[in-house]
Structure formats: C-alpha cells, structure tokens
Amino acid sequence: MDPILALGSVLALVAAATGLGLAWRARQGRFTEVAEAPALTPADVASTVSFGAEATLVQFSTEHCSRCPGTHRMLAGVARSRPGVVHVEVDLTHRADLARRFQVLQTPTTLILDRTGRVQARVGGAPHKAGILAHLDDLPGSLHATLAR
Amino acid sequence: MPLLPAEPGTPGAGTGAGRPRRPDLDPRGPRFGAGITAGLLLVVVFLSLTGASVAALSLLVVLAALFAWGAIAGAGRHPWGLLFKRFVRPRLAPPRELENPAPPTFAQGVGLLVTLVGVVLGLAGLAPAVGITAAAAFVAAFLNAVFDYCLGCQLYLLLVRSGLIGRGPATAR
C-alpha cells in the first residue's frame with residue numbers, strides 16, 4: 001500500500017478508536033429508571049447484611065475491576081453520611097448466576113433499592129456521587145420527596 | 001495515606017467486600033504504559049499496511065514478549081511501569097488512590113493472547129493477520145490509555161457470566 005494511504009488508514013483507526021471511547025464515556029455512570037421491579041431481599045443478592053431502612057445501594061463487582069474499589073469508597077461514604085442507607089457490595093466472580101439474573105454487563109453496576117427493596121434505578125459504570133444523592137432524595141417515601149409534596 | 005481504608009463501620013459486605021486487596025499500583029502507570037504500547041502497535045499497523053511484513057512481524061513479536069512480561073511478572077513490574085516509576089512518577093503529584101494490580105495484569109494477558117495470534121498467523125505466512133491483530137490490540141490499549149477503559153475487566157465479567165471462570169461459591173478468604 002502507498003505510504004500516504006497507509007498513514008491515512010492509521011489515522012482513521014485512531015479516529016475510530018476515539019469515537020468508540022467518546023461513546024463509551026458518554027454512557028458511563030448513566031442512570032436508568034427501573035419501573036415495576038419486584039422487591040428484593042438480601043438473600044437475592046447473596047448479602048449477609050440487612051438492607052437499609054431508607055435505601056440500599058447494591059454494587060456488583062468482580063475481582064478484576066479497576067473502578068470497583070473507587071466506587072466502593074464513594075458509595076460506602078454516601079451510606080455513612082445518610083442514616084438508613086446501606087451499601088452492599090456483591091462480588092460476582094463466584095456468582096455467575098447473579099450476573100445473569102441481574103443482567104450485569106459491566107462492573108461496577110449499582111442498583112438503588114428503596115426502603116421496600118424494590119429496584120428504583122440502576123447505574124452501569126462508575127456512578128457520580130451527585131447522581132446517587134439526587135436519586136436517594138427522590139426515592140418514594142424519602143424525607144426529601146415527602147417534603148416536596 | 002488514605003488508600004483503601006478498611007471502611008470501619010461500613011456494612012458493605014455481600015460476598016466479596018472486606019476481602020484483602022493489595023492496592024499497591026499507581027493507576028497512572030499502566031495507562032502510561034498502554035500509551036507507549038498503543039503507539040508501537042500503530043507502527044505495526046503502518047508497517048503491515050505498507051508491505052514491510054518482516055518489520056511488522058518482528059515488532060509484534062517484541063510487543064507480545066512485553067505483554068508476556070506484564071502478564072507473568074505483574075503489571076507493576078512491566079518495563080513501561082519501571083520507566084514510569086523512574087522518570088514520570090517523580091514529576092507527578094502522589095496518586096489519589098492506589099490500584100489492585102490484578103486488573104491491569106489480566107489485561108496484559110489479554111494483550112498477549114491477541115498479539116500471539118497475530119505472531120502465529122504471521123509466521124504461518126498470513127501477513128495481513130499481523131496488521132489486523134495489531135489494530136485490535138491498539139484499540140484496547142488506546143482506550144485504556146486515553147479513556148481509562150478497562151477491556152480486561154469487561155472480558156473478565158463476560159468469562160464469569162459464561163461460567164468459564166469463577167465457578168462455584170466463594171471460598172473463605
């Protein structure tokens with residue numbers, strides 16, 4: 001191939017990879033509202049910890065996940081700062097059944113459960129703290145949502 | 001240093017949290033290395049496209065050997081990682097957090113697999129395979145370096161889901 005054409009192809013490859021990266025980044029940490037989800041119990045996610053009285057943040061991780069420890073720290077910090085909110089981290093490495101059941105396609109994936117254990121929202125990828133806090137405020141029955149009414 | 005504290009008072013424990021992690025890697029190191037690797041893979045693609053098959057294959061062999069080094073010795077002891085520690089990290093602020101070396105080491109293994117396929121097919125006389133596998137490895141290395149995307153993490157989850165690894169309940173750790 002002509003060197004100029006080869007150089008053009010190489011640049012096109014870089015451009016395509018950049019496009020892929022931008023598309024991936026735009027989807028990272030995006031919240032999806034979940035409607036009509038059944039109520040979960042701690043046993044459903046193999047958790048030995050009880051769910052929170054106000055809300056529960058269920059984080060799916062694996063042992064090979066570069067962003068999971070950072071997400072763990074952030075969500076655990078949110079749980080510490082908000083009474084009634086509990087953070088549960090579920091390692092999918094040995095629980096492929098849970099990965100399939102909850103259709104986890106990337107780690108971390110976080111579920112926001114309301115006080116009854118119903119999934120209200122899910123986030124694929126590392127979530128932003130502000131988004132998590134806003135969703136906790138908007139959960140049905142939360143103090144914030146009650147005051148707003 | 002506030003590096004992955006034990007999170008006292010956090011009931012964050014499903015089946016996995018609280019396991020001992022060994023976060024001892026500056027996460028910028030593997031990304032720096034992925035940048036160098038991506039540049040060299042791009043050279044392989046260019047050489048392959050211009051018909052310099054021997055040069056392309058030779059460079060891919062070197063890159064496969066480097067991936068093997070990272071996969072076996074661990075991402076923290078990769079030559080690019082040593083370069084980073086020696087010349088780059090002293091000029092940077094300390095990292096905000098350290099990383100478990102397992103994900104980038106696994107990623108090195110994925111890189112080894114892909115480049116090895118290119119080397120084997122190239123040696124078998126299928127010259128275009130060298131450029132194609134180098135292009136595939138480039139995309140992964142580039143996304144890692146520029147966007148902090150972890151292809152190894154994604155593949156690991158897919159392997160877990162397919163039941164190929166991590167089968168059975170967690171053993172006590």
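In this report, we go over the structure that sits alongside the text.

Procedures and definitions
- Residues numbered from 1 in each chain as written.
- Chains lettered and ligands numbered in written order.
- Predicted model: local features only at pLDDT ≥ 70, side-chain atom pairs only at ≥ 80, totals over all residues.
- Heavy atoms only, no water.
- Helix = DSSP H or I, 4+ residues; strand = E, 2+ residues; numbered from the N terminus.
- Buried < 20%, exposed > 50% of the residue type's maximum accessible area, 1.4 Å probe, protein only.
- Contact = heavy atoms within 4.5 Å.
- Core = buried A, V, L, I, M, F, W, Y, C linked by side-chain atoms within 4.5 Å.
- Salt bridge = Lys/Arg side-chain N within 4 Å of Asp/Glu carboxyl O.
- Expected span 1.5 Å × (residues − 1).
- Pairing = 2+ DSSP bridges.
- Right-handed = clockwise from strand over helix to strand, strands pointing away.
- Disulfide = S-S within 2.5 Å.
- Axes fitted to C-alpha atoms, helices over the stretch in contact; angles between N-to-C directions.
- Parallel < 35°, antiparallel > 145°, perpendicular 65-115°, else oblique.
- Left-handed = near helix turned anticlockwise from the far one by under 90°.
- Nonpolar A, V, L, I, M, F, W, Y, C, P; charged D, E, K, R; others polar.

Looking only at helices and strands, chain A has five helices and five strands in total. When the elements of chain A are put in sequence order from the N terminus, they spell out α-β-β-α-β-α-β-β-α-α. Looking at chain A as a whole, 50% of its 149 residues qualify as buried. Counted over contacts in chain A with a minimum sequence separation of 6, partners at least 24 positions apart contribute 70%.

Attention now goes to unusual backbone geometry. Keep in mind that most residues, glycine aside, have a negative phi and that most peptide bonds are trans. All names here are of chain A. With an omega of -5°, the peptide bond running from Thr107 to Pro108 counts as cis. With respect to the helices, strands and loops of the structure, Pro108 is situated in the loop between helix H3 (96-101) and strand S4 (109-113). One non-glycine residue, Ala46, lies in positive phi territory at about 55°. In this structure, Ala46 sits in the loop between strand S1 (30-33) and strand S2 (55-61).

Turning next to the nonpolar core. Counting 30 residues, the largest nonpolar core has A:Leu13, B:Leu41, B:Val44, B:Leu60, B:Phe138 and B:Phe142 as the members making the most contacts within it. Every element with two or more residues in this core is listed here: helix H1 (3-27) of chain A together with helix H1 (28-49), helix H2 (53-73) and helix H5 (127-147) of chain B. Counting residues per element, this core draws most heavily on H5(B), at 10 residues. Grouped together as the second largest cluster of nonpolar side chains are 20 residues, A:Ala37, A:Leu111, A:Leu113 and A:Val119 included.

So, about the pattern of salt bridges. One pass over the full model with this rule turns up eight salt bridges over all chains. A salt bridge links A:Arg95 to A:Asp97, with the nearest nitrogen and oxygen atoms 2.8 Å apart. Here A:Arg95 falls in the partly exposed class, since its relative accessible area comes to 26%. Two residues, B:Asp26 and B:Arg89, come together in a salt bridge whose shortest N-O distance is 3.4 Å. A residue pair is termed long-range when its members are at least 10 positions apart, and B:Asp26 in the segment before H1 and B:Arg89 in the loop between helix H3 (79-88) and helix H4 (102-123) qualify at 63 residues. Under the relative-accessibility criterion, B:Asp26 is labelled buried at 5%. One connected set of salt bridges, linked through shared partners, spans A:Arg67, B:Arg31 and B:Asp148.

Across its 25 residues, H1(A) extends 36 Å between first and last C-alpha, which sits within 8% of the 36 Å expected from 1.5 Å per residue. The secondary structure elements touched by the buried residues of H1(A) are H1 and H5 of chain B. Two residues or fewer after H1(A) comes A:Gly29, characterised by a positive phi angle close to 70°.

Turning our attention to the pairing of S2(A). Residues and elements named next belong to chain A. Counting buried residues along S2, seven of its seven residues qualify, which places the element largely inside the surrounding structure. Of the two faces of S2, the one lined by Ala55, Leu57, Gln59 and Ser61 and the one lined by Thr56, Val58 and Phe60 are each fully buried. By the bridge criterion, seven bridges tie S2 to strand S3 (residues 85-91) in an arrangement that is parallel. Across the sheet, the residue bridging to Leu57 is His87, located in S3. On the question of chirality, the crossover connecting S2 to the parallel S3 by way of helix H2 (residues 68-81) is right-handed. The pairing of S2 with S4 spans five bridges and is antiparallel. Bridge pairing in S4 links Gln59 to Thr110.

The subject of this paragraph is the state of the cysteines. Inspection of the entire model under this criterion finds two disulfides over all chains. Bridging A:Cys65 to A:Cys68, the disulfide has an S-S length of 2.0 Å. The sign of the S-S torsion, about 85°, decides the handedness of the disulfide formed by A:Cys65 and A:Cys68: right-handed. Residue A:Cys65 shares its accessibility class with A:Cys68, and that shared class is buried. Disulfide pairing is shown between B:Cys150 and B:Cys153; the S-S distance is 2.0 Å. Its S-S torsion of approximately 75° makes the covalent link between B:Cys150 and B:Cys153 right-handed. For the pair shown, B:Cys150 and B:Cys153 are each scored as buried.

The next thing to look at is H2(A). Residue and element names in this part refer to chain A. Helix length check: H2 (14 residues) gives 20 Å between terminal C-alpha atoms against 20 Å at 1.5 Å per residue, within 8%. Among the residues of H2, those classed as buried are Cys68, Pro69, Thr71, His72, Arg73, Met74, Leu75, Ala76, Val78 and Ala79. Buried residues belonging to H2 abut S2, S3, S4 and helix H4 (129-138).

Residue and element names in this part refer to chain B. Packing of H2 against H5 brings their axes to within 10 Å, and their N-to-C directions diverge by 45°. One element, H2, and the other, H5, form an angle in the oblique class. Classified by chirality, the crossing of H5 by H2 is left-handed. Residue-level contacts link Ser53, Ala56, Leu57 and Leu60 of H2 to Ala127, Val130, Thr133 and Ala134 of H5. Counted by class, the contact of H2 with H5 contains six nonpolar, two polar and no charged residues.

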